[in-house]
Amino acid sequence: MLIKTKILDESGVSVFQARTPIDAINLMLVAESKEDLVREKGEEWAAGAIPFFGGELINVMKAGELGKAVDKAAIELAMAVWLFDSIYCGLSPEVFVKCDLDLTMWHDGTVVCTRVLG
(Lines give C-alpha, C1' and ligand atoms only; values in the text may rest on other atoms or scores of the structure.)
Protein backbone atom coordinates (compact mmCIF):
# COMPACT_ATOMS: atom_id res chain seq x y z
CA MET A 1 0.00 0.00 0.00
CA LEU A 2 1.11 3.51 -0.74
CA ILE A 3 -0.04 6.40 1.43
CA LYS A 4 0.10 9.61 -0.57
CA THR A 5 -0.29 12.74 1.54
CA LYS A 6 -0.82 16.27 0.34
CA ILE A 7 -1.27 19.40 2.45
CA LEU A 8 -3.03 22.41 0.97
CA ASP A 9 -2.84 26.02 2.12
CA GLU A 10 -5.76 28.46 2.47
CA SER A 11 -5.79 28.98 -1.32
CA GLY A 12 -5.85 25.28 -2.12
CA VAL A 13 -2.21 25.29 -3.24
CA SER A 14 -0.17 22.21 -2.36
CA VAL A 15 2.52 23.12 0.19
CA PHE A 16 3.66 19.60 1.02
CA GLN A 17 3.51 16.13 -0.53
CA ALA A 18 4.85 12.79 0.65
CA ARG A 19 4.62 9.14 -0.26
CA THR A 20 4.87 6.44 2.40
CA PRO A 21 4.88 2.77 1.40
CA ILE A 22 3.51 0.45 4.09
CA ASP A 23 2.40 -3.13 4.54
CA ALA A 24 -1.40 -2.84 4.84
CA ILE A 25 -1.71 -6.20 6.57
CA ASN A 26 0.72 -5.13 9.31
CA LEU A 27 -1.21 -1.88 9.73
CA MET A 28 -4.44 -3.84 10.20
CA LEU A 29 -2.76 -6.21 12.68
CA VAL A 30 -1.49 -3.29 14.78
CA ALA A 31 -4.91 -1.65 14.57
CA GLU A 32 -6.59 -4.73 16.09
CA SER A 33 -5.42 -3.64 19.54
CA LYS A 34 -7.33 -0.37 19.13
CA GLU A 35 -10.64 -1.78 17.83
CA ASP A 36 -12.32 -2.15 21.24
CA LEU A 37 -11.44 1.44 22.16
CA VAL A 38 -12.78 2.75 18.85
CA ARG A 39 -16.04 0.82 19.29
CA GLU A 40 -16.37 2.00 22.90
CA LYS A 41 -15.76 5.66 22.01
CA GLY A 42 -18.20 5.54 19.09
CA GLU A 43 -18.53 6.61 15.50
CA GLU A 44 -18.27 10.37 16.06
CA TRP A 45 -15.09 9.97 18.05
CA ALA A 46 -13.59 7.64 15.42
CA ALA A 47 -14.48 10.09 12.66
CA GLY A 48 -12.85 12.88 14.67
CA ALA A 49 -9.62 10.90 14.92
CA ILE A 50 -9.08 11.35 11.18
CA PRO A 51 -8.77 15.17 11.22
CA PHE A 52 -6.87 14.93 14.51
CA PHE A 53 -4.16 12.78 12.92
CA GLY A 54 -4.32 14.92 9.78
CA GLY A 55 -3.54 17.89 12.02
CA GLU A 56 -0.64 15.99 13.53
CA LEU A 57 0.78 15.46 10.05
CA ILE A 58 0.39 19.18 9.35
CA ASN A 59 2.24 19.94 12.60
CA VAL A 60 5.10 17.64 11.55
CA MET A 61 5.31 19.44 8.21
CA LYS A 62 5.22 22.89 9.84
CA ALA A 63 7.99 21.84 12.21
CA GLY A 64 10.13 20.99 9.20
CA GLU A 65 10.43 17.35 10.18
CA LEU A 66 10.92 14.90 7.34
CA GLY A 67 11.54 11.20 6.85
CA LYS A 68 10.51 9.00 9.75
CA ALA A 69 8.38 11.68 11.42
CA VAL A 70 6.31 12.16 8.27
CA ASP A 71 6.01 8.41 7.75
CA LYS A 72 4.88 7.88 11.36
CA ALA A 73 2.25 10.62 11.10
CA ALA A 74 1.00 9.26 7.75
CA ILE A 75 0.74 5.72 9.16
CA GLU A 76 -1.19 6.93 12.22
CA LEU A 77 -3.58 8.79 9.92
CA ALA A 78 -4.00 5.71 7.70
CA MET A 79 -4.73 3.60 10.78
CA ALA A 80 -7.43 6.02 11.90
CA VAL A 81 -8.95 5.82 8.41
CA TRP A 82 -8.83 2.01 8.45
CA LEU A 83 -10.43 1.75 11.90
CA PHE A 84 -13.25 4.13 11.00
CA ASP A 85 -13.91 2.63 7.58
CA SER A 86 -13.76 -0.98 8.73
CA ILE A 87 -15.82 -0.61 11.92
CA TYR A 88 -18.38 2.01 10.87
CA CYS A 89 -18.50 1.77 7.07
CA GLY A 90 -18.07 -1.96 6.53
CA LEU A 91 -14.84 -1.78 4.51
CA SER A 92 -13.42 -5.29 4.21
CA PRO A 93 -9.76 -6.13 4.77
CA GLU A 94 -9.69 -7.69 1.30
CA VAL A 95 -10.58 -4.37 -0.33
CA PHE A 96 -8.35 -2.28 1.96
CA VAL A 97 -5.17 -4.22 1.17
CA LYS A 98 -5.73 -3.71 -2.57
CA CYS A 99 -5.91 0.08 -2.22
CA ASP A 100 -3.55 2.99 -2.01
CA LEU A 101 -4.67 5.93 0.12
CA ASP A 102 -4.68 9.48 -1.21
CA LEU A 103 -4.97 11.76 1.82
CA THR A 104 -5.43 15.47 1.24
CA MET A 105 -5.34 17.77 4.25
CA TRP A 106 -6.45 21.35 4.23
CA HIS A 107 -4.82 23.96 6.45
CA ASP A 108 -7.87 23.82 8.78
CA GLY A 109 -7.52 20.08 9.45
CA THR A 110 -10.13 18.84 6.98
CA VAL A 111 -9.04 15.50 5.54
CA VAL A 112 -10.25 14.00 2.28
CA CYS A 113 -9.40 10.34 1.86
CA THR A 114 -9.64 8.61 -1.49
CA ARG A 115 -8.98 4.90 -1.78
CA VAL A 116 -7.47 3.98 -5.13
CA LEU A 117 -7.48 0.35 -6.18
CA GLY A 118 -3.92 -0.59 -6.99
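Residues numbered from 1 in each chain as written. Predicted model: local features only at pLDDT ≥ 70, side-chain atom pairs only at ≥ 80, totals over all residues. Heavy atoms only, no water.

Enquirer: Residue-level account of the overall build of the protein chain, with values.
Expert: Broken down by element type, the protein chain carries five helices and four strands. Tracing the protein chain from N to C terminus, the helices and strands come up as β-β-α-α-α-α-α-β-β. In terms of overall dimensions, the protein chain is globule-like: its C-alpha atoms have a radius of gyration of 14 Å, near the 13 Å expected for 118 residues. When the backbone C-alpha atoms are referred to their principal axes, the protein chain occupies close to 35 × 30 × 25 Å. Expressed as a percentage of its 118 residues, the buried residues of the protein chain come to 42%. (Helix = DSSP H or I, 4+ residues; strand = E, 2+ residues; numbered from the N terminus. Rg over C-alpha atoms; globule rule 2.2 N^0.38 Å. Buried < 20%, exposed > 50% of the residue type's maximum accessible area, 1.4 Å probe, protein only.)

Enquirer: Give me the packing of aromatic side chains: which residues, what numbers.
Expert: Under the criterion given, the structure shown has three aromatic pairs. When the ring of F52 is compared with that of F53, the centres are 5.0 Å apart and the planes differ by 85°; the resulting orientation is edge-to-face. Looking at F52, the relative accessible area reads 49%, which means it is partly exposed. Aromatic pair W82 and F96: ring centres 4.7 Å apart, planes at 40°, arrangement tilted. Within this pair, whereas W82 is found in helix 4 (residues 68–88), its partner F96 is found in helix 5 (residues 93–96), the two being separated by 14 residues in sequence. (Phe/Tyr/Trp six-rings, centres within 6.5 Å; stacked < 30°, edge-to-face > 60°.)

Enquirer: Just give me the short version of the packing of helix 3 (residues 43–62) against helix 4, but keep the residues and values in it.
Expert: Following both chains from N to C, one finds helix 3 and helix 4 inclined at 165°, their axes separated by 9 Å at the closest point. The orientation of helix 3 with respect to helix 4, classified from their angle, is roughly antiparallel. Note on packing geometry: the crossing formed by helix 3 with helix 4 is left-handed. Across the interface between the two elements, E43, A46, A47, A49, I50, F53, G54, L57 and V60 from helix 3 touch A69, V70, A73, A74, E76, L77, A80, V81, F84 and Y88 from helix 4. When the residues that make up the contact of helix 3 with helix 4 are grouped by side-chain class, the tally is 16 nonpolar, one polar and two charged. (Axes fitted to C-alpha atoms, helices over the stretch in contact; angles between N-to-C directions. Parallel < 35°, antiparallel > 145°, perpendicular 65-115°, else oblique. Left-handed = near helix turned anticlockwise from the far one by under 90°. Contact = heavy atoms within 4.5 Å. Nonpolar A, V, L, I, M, F, W, Y, C, P; charged D, E, K, R; others polar.)

Enquirer: So what about the layout of surface pockets? Which residues, and what values?
Expert: Space inside the largest pocket adds up to approximately 220 Å³. What lines the largest pocket is K34, L37, V38, W45, A46, A49, F53, E76, M79, A80, L83 and F84. For the lining of the largest pocket, the elements supplying multiple residues, two or more each, are helix 2 (35–41), helix 3 and helix 4. At five residues, helix 4 tops the list of elements feeding residues into the lining of the largest pocket. Residues that form the lining of the largest pocket fall into these classes: ten nonpolar, no polar and two charged. (1 Å grid on protein atoms, 1.4 Å probe; cavity = no way out; pocket = protein on both sides within 12 Å on 5 of 7 lines; lining within 4 Å. Points joined across faces, edges and corners; volume = space filled by probe spheres on them.)

Enquirer: Now, about the sheet that holds strand 4 (residues 111–117): what can you tell me, with residues and values included?
Expert: Overall, mixed pairing links the four strands, which are arranged 2-1-3-4 in an open sheet. Strand pairing shows two members of the sheet lacking a second neighbour, strand 2 (14–21) and strand 4, which therefore form its edges. Here the strands of the sheet are splayed against their neighbours by 15° on average, with no regard to which way each runs. Note that strand 1 (residues 2–8) and strand 2 share seven bridges and pair antiparallel. Paired with I3 across the strands is T20, a residue of strand 2. Strands in contact with helix 4 are strand 1, strand 2, strand 3 (99–106) and strand 4; relative to strand 2, the strand with the most contacts, it is inclined by about 75°. (Pairing = 2+ DSSP bridges.)

Enquirer: Residues and numbers for helix 3, please.
Expert: Each α-helix winds once per 3.6 residues, and so residues spaced three or four apart point in a common direction. Between its first and last C-alpha, helix 3 extends 29 Å over 20 residues, near the 28 Å set by a 1.5 Å rise per residue. Where helix 3 ends, the next residue or the one after it, G64, has phi of about 80°, a positive value. (Expected span 1.5 Å × (residues − 1).)

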